[in-house]
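The primary structure of each chain is shown beneath.
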Amino acid sequence: MPIKAERIAELTDKIGNAKILILGDIMLDEYLFGQVNRISPEAPVPVVEVTSDRFLLGGAANVAANIRKLGDKPLLLGVVGLDEASVKLTHLLKSKQISSDYLINDDSRQTTLKTRVMAGNQQIVRYDRENCYELNNDTEKKVFAKFESVINEISAVIISDYGKGVISLSLLEKVIAMCRDKNIFVAVDPKETHFHNYKNVSVITPNHHEAGFAYGQRITSEKELLEVGNGLLEKLQAQSILITRGPDGMSLFRENSEPTHIPTFAKKVFDVTGAGDTVIATFVSSVCAGAELSEAAIIANAGAGITVGEVGTASVTPELLKQELYRNIKDGNLVKN
């Protein structure tokens, strides 16, 4: 069923009162902006004349930034190195009013740093500096101890898995078990190679490529979409699966319900970086505000439509969500069953 204007106002006005823990791979995103006026004489590649640079929160840190922008209180839990990137990241968190108290420093690892070279709005190249091996036992114990210390304070947990080593199977099993025992909502932004570890969670938010890879079936038609969505729901014994489908919007699969398909809200797409972070943050924030899963998916779709219209990772506010949802009610493209 489409969401009504009165319900949009009710939910967006309630967003921003929850304490949400984000556990996962924390990253720093660097953007180098410039122009291309010539090709290198050394190789057939463009020469980018860099005119400015910018650092942004990435990965789980960007999820936390989205949660903070929505008005909720994020508790960001993860591991960083003892390096220049971790210092920049900590300063950025402070500027966004996000606590760094739950960051664990590990001098055997480097903070994940992704550098993107941009010519205008076009990304020319990206290079990454990171470690992708699993945490050692001592560091993993520290992560879980931090998690245990706040379990009774939080309304939901977001697991942001980028495959950089923080989300191991052993940590995941302990976290999910404790959340189920405490009846805490658990949302997972998955890494496709870890997909079958995410059992018994509240929602998983893969894109259609990740979902297809995890199930072993490419999604090229609505029939295959239904097979993958319903199949993953059953295999993982999840409460719901929200598959993001790029220009085709999103599809929500729930226990004992027909799938809900939500057309894209985006009018323009400049950069999809961080769109998945916005989706999961907005979905969980909406659930904490009292939204049903289908309502949360519609609101998350509005968030995605806003964020892909900006260059770099972006975040949205409840007021922006309300405006975007009202616009799509007027345009008549909110939802279809």
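Position numbers for residues count from 1 along each chain, tracking the sequence in the order it is written. Two thresholds apply to this predicted model, a pLDDT of at least 70 for residue-level local features and 80 or more for giving and counting side-chain atom pairs, whereas whole-chain, interface and lining totals are computed over all residues. Note: side-chain values were computed over all heavy atoms of the structure, leaving out hydrogens and water.

A. Layout of a nonpolar patch on the surface. The residues that make up patches have over 30% relative accessible area and no salt bridge, and they are joined within 9 Å when like-charged or within 5 Å when they are Val, Leu, Ile, Met, Phe, Trp or Tyr. Computed with a 1.4 Å probe, the accessible areas rest on the Shrake-Rupley method; for each residue, only the protein chains presented here act as cover. Put simply, a salt bridge is a Lys or Arg side-chain nitrogen that is within 4 Å of an Asp or Glu carboxyl oxygen. On the surface, V36, I124, V125 and Y127 cluster together into a nonpolar patch covering about 300 Å² of accessible area. Among the elements that make up the nonpolar patch, the one with the highest residue count is strand 7 (residues 122-129) (three residues). Turning to its location among the elements, Y127 is positioned in strand 7. Under the scheme applied here, a residue whose accessible area is under 20% of the maximum for its type counts as buried, over 50% as exposed, and between as partly exposed, the area being computed with a 1.4 Å probe on protein chains only. Judged by its relative accessible area of 38%, Y127 falls in the partly exposed class. For the purposes of this entry, the term helix denotes a DSSP run of H or I that reaches at least four residues, the term strand denotes a run of E that reaches at least two, and both are numbered from the N terminus.

B. View of the pairing of strand 11 (residues 240-244). By the criterion of burial, strand 11 is predominantly enclosed, with five of the five residues buried. Along strand 11, one buried face is formed by S240, L242 and T244 and the opposite face, lined by I241 and I243, is buried too. Direction of pairing for strand 11 relative to strand 12 (residues 250-254): antiparallel, over a ladder of five bridges. Counted as the bridge partner of T244 is M250 from strand 12. A pair of strands is considered paired only if DSSP assigns at least 2 bridges between the two.

C. Broad picture of empty space enclosed by the protein. The distinction between a cavity and a pocket rests on a 1 Å grid over the protein atoms alone: a 1.4 Å probe fits inside a cavity but cannot get out, while a pocket stays open yet meets protein on both sides within 12 Å along at least five of seven lines, and a residue with an atom within 4 Å of a point counts as lining. Grid points are joined across faces, edges and corners, and a volume is the space filled by probe spheres set on the points. For the structure on display, the rule yields one cavity of 30 Å³ or more. Forming the walls of the largest cavity are D25, I26, V79, V80, R109, Q110, T111, T112, N131, K164 and V166. Basically, the charged four are Asp, Glu, Lys and Arg, the nonpolar ten are Ala, Val, Leu, Ile, Met, Phe, Trp, Tyr, Cys and Pro, and anything else, Gly included, counts as polar. Its residues assigned to classes, the lining of the largest cavity shows four nonpolar, four polar and three charged.

D. Just the packing of aromatic side chains, in detail. Aromatic pairs are defined between Phe, Tyr and Trp rings, using the six-membered ring for Trp, whenever the two ring centres lie within 6.5 Å; interplanar angles under 30 degrees are classed as stacked, those over 60 as edge-to-face, and all others as tilted. The final tally for this structure, using the stated rule, is four aromatic pairs. Each ring is checked for a lysine NZ or an arginine CZ that lies within 6 Å of its centre and within 35 degrees of its normal; such an atom marks a charge sitting over the ring. Its guanidinium or amino end placed over the ring of F144, K174 lies 4.9 Å from that ring's centre, counting from NZ or CZ.

E. Highlighting the sheet that holds strand 6 (residues 112-119). Ordered by their spatial adjacency, four strands build an open sheet running 3-2-6-7, and the pairing between neighbours is mixed. Single-partner strands in this sheet number two, and they are strand 3 (46-59) and strand 7. On average, adjacent strands in this sheet sit at an angle of 20 degrees to one another, irrespective of strand direction. Bridging between strand 2 (residues 26-39) and strand 6 involves eight bridges; their strand directions are parallel. Residue G34 lies in a different strand from strand 6, and its bridge partner there is A119. Contact criterion: two residues are considered in contact whenever any of their non-hydrogen atoms come within 4.5 Å of each other. Axis definition: a line fitted to C-alpha atoms, over the contacting stretch in the case of helices. Angles run 0 to 180 degrees between N-to-C directions. The sheet contacts of helix 2 (residues 60-69) involve strand 2 and strand 3, and relative to strand 3 the element is tilted by about 65 degrees.

F. Region of the structure containing the pattern of salt bridges. One pass over the full model with this rule turns up 14 salt bridges. One salt bridge connects E10 with K14, and the closest N-O pair in it is separated by 3.5 Å. Here K14 and E10 lie together in helix 1 (residues 5-14), a separation of four residues that amounts to about one turn. Owing to a relative accessible area of 35%, E10 belongs among the partly exposed residues under this scheme. In this structure, R129 engages E30 in a salt bridge whose closest nitrogen and oxygen atoms are separated by 3.7 Å. With R129 in strand 7 and E30 in strand 2, this residue pair connects regions lying 99 residues apart in the sequence. Beyond isolated ion pairs, a larger network of salt bridges with shared partners links K114, R126, D128, E130 and K164.

G. Layout of the packing of helix 8 (residues 275-288) against helix 9 (residues 293-307). Viewed as axis vectors pointing N to C, helix 8 and helix 9 meet at an angle of 145 degrees, and their least axial separation amounts to 8 Å. Where helix 8 crosses over helix 9, the two elements pack in a sense that is right-handed. On helix 9, the residues touching A275, T278, V279, T282, F283, S286 and V287 of helix 8 are L293, A296, A297, I299, A300, G303, A304 and T307. Here the contact of helix 8 with helix 9 is built from residues that sort into ten nonpolar, five polar and no charged. Here is the rule for handedness: rotate from the far helix to the near one, and if that takes an anticlockwise turn smaller than a right angle the crossing is left-handed, while a clockwise turn gives right-handed.

H. Structural context of the nonpolar core. Grouped together as the largest cluster of nonpolar side chains are 56 residues, with contacts concentrated most on L76, F185 and F283. For this core, the element with the most residues is helix 9, which contributes nine residues. Ignoring any residue separated from it by four or fewer positions in sequence, one finds F185 in contact with S155, A156, V157, S202, V203, F283, V284, V287 and L293. I151, I154, I159 and L225 belong to the second largest nonpolar core, which has 43 residues in total. By convention a nonpolar core is built from buried Ala, Val, Leu, Ile, Met, Phe, Trp, Tyr and Cys residues, the set being connected through side-chain atoms within 4.5 Å.

I. A look at the state of the cysteines. Cysteine sulfur atoms that pair up within 2.5 Å are treated as a disulfide. In this structure the tally under the stated criterion is zero disulfides. Free of any disulfide, C179 has its nearest cysteine sulfur in C288, 12 Å distant. For C179, a relative accessible area of 0% gives the class buried.

From the geometry alone we can't say anything about function, so treat these as descriptive.
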